[in-house]
Amino acid sequence: MISMKRHAFTMKLKPGKVREYQQRHDEIWQELSAVLRDAGISDYSIFLDEHTLTLFAVQKQADKNSVSDLPEHPIVKKWWAHMAPLMETNPDHSPVCGELTEVFHLD
């Protein structure tokens, strides 16, 4: 059995971009999904607080993963550029992320 850890973080949408953000994720690229899985990510969900436009993402990461390599992957860079008009981003188009600390978990 592969050992997994939970990882959670926030991102922020720009006003008026909720529908487009949802649509682009409904049509997520198969090659991006494969890259994320190959990096050791699974059980990945993103939730939206519609009042603040804050996105809350939670994913499981295999203990042995290559998540730190994702920012250099061409498919990830292409996705970030595709999503940049909809979100608050860094100069490289990566989403501005806030790390979250787990304070409670119930299995």
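The structure this text deals with has already been given above.
These remarks concern the structure in this document. (Residues numbered from 1 in each chain as written. Predicted model: local features only at pLDDT ≥ 70, side-chain atom pairs only at ≥ 80, totals over all residues. Heavy atoms only, no water.)

**Quick look at the packing of aromatic side chains**
Heads up, the condition is: The rule is short: rings of Phe, Tyr and Trp, with Trp giving its six-membered ring, pair when the centres are within 6.5 Å, and they are stacked under 30 degrees, edge-to-face over 60, tilted in between. Only DSSP runs of H or I with at least four residues qualify as helices, and only runs of E with at least two residues qualify as strands; both kinds are numbered from the N terminus onward. Classification of residues uses two cut-offs on accessible area relative to the type maximum, computed with a 1.4 Å probe and protein chains only: under 20% is buried, over 50% is exposed, and between them is partly exposed.
Within this structure, the stated rule accounts for 2 aromatic pairs. With centroids separated by 4.9 Å and ring planes inclined at 85°, the aromatic side chains of Trp 29 and Trp 79 adopt a geometry described as edge-to-face. Here Trp 29 is found in the loop between helix 1 (18-26) and helix 2 (30-38), whereas its partner Trp 79 is found in helix 3 (residues 74-83), with 50 residues between them in sequence. Look at Trp 29 and you get buried, because its relative accessible area is 19%.

**Digging into the packing of helix 1 against helix 3**
To keep things clear, this is the line we draw: Whenever a helix is involved, its axis is fitted only over the stretch in contact; in every case the axis is a line through C-alpha atoms, and angles between N-to-C directions fall within 0 to 180 degrees. Should an angle fall under 35 degrees it is called roughly parallel, over 145 degrees roughly antiparallel, and 65 to 115 degrees roughly perpendicular, with every other angle called oblique. Handedness of a crossing is defined here by the sense of rotation of the near helix relative to the far one, left-handed for an anticlockwise turn of less than a right angle and right-handed for a clockwise turn. Throughout, a contact is declared for two residues whenever any of their heavy atoms are within 4.5 Å. Amino acids outside the nonpolar list (Ala, Val, Leu, Ile, Met, Phe, Trp, Tyr, Cys, Pro) and the charged list (Asp, Glu, Lys, Arg) are all regarded as polar, and Gly is one of them.
For the pair helix 1 and helix 3, interaxial distance at closest approach is 11 Å and the crossing angle is 150°. It follows that helix 1 is roughly antiparallel to helix 3 by the angle criterion. When the axes of helix 1 and helix 3 are compared, the crossing they make is right-handed. Of the residues in helix 3, those in contact with Tyr 21, Arg 24 and His 25 of helix 1 are Trp 79, His 82 and Met 83. In the contact of helix 1 with helix 3, the residues fall into 3 nonpolar, 2 polar and 1 charged.

**Side note on the pairing of strand 2 (residues 41-49)**
Our working rule: Note on pairing: DSSP must find at least two bridges between two strands before they are called paired.
In the sheet, strand 2 pairs with strand 3 (residues 54-62) via 7 bridges, with the strands oriented antiparallel. Directly across from Ile 46, in strand 3, lies its bridge partner Ala 57. Linkage of strand 2 to strand 3, two consecutive antiparallel strands, is achieved through a turn of 4 residues, within which Leu 53 is found at a positive phi near 65°.

**Here's the deal with the pattern of salt bridges**
Our working definition: The salt bridge criterion pairs a side-chain nitrogen of Lys or Arg with a carboxyl oxygen of Asp or Glu, the two atoms within 4 Å.
Scanning all chains against the criterion turns up 4 salt bridges. With a closest N to O distance of 2.7 Å, Glu 20 and Arg 24 form a salt bridge. Of this pair, Glu 20 and Arg 24 both sit in helix 1, separated by 4 residues, roughly a single helical turn. Measuring nitrogen to oxygen at the nearest pair gives 3.7 Å for the salt bridge that ties Asp 43 to Lys 60. In this pair, Asp 43 sits in strand 2 while Lys 60 sits in strand 3, placing the two residues 17 residues apart along the sequence. Assessed through its relative accessible area of 51%, Asp 43 is described here as exposed. Here Lys 60 falls in the partly exposed class, since its relative accessible area comes to 32%.

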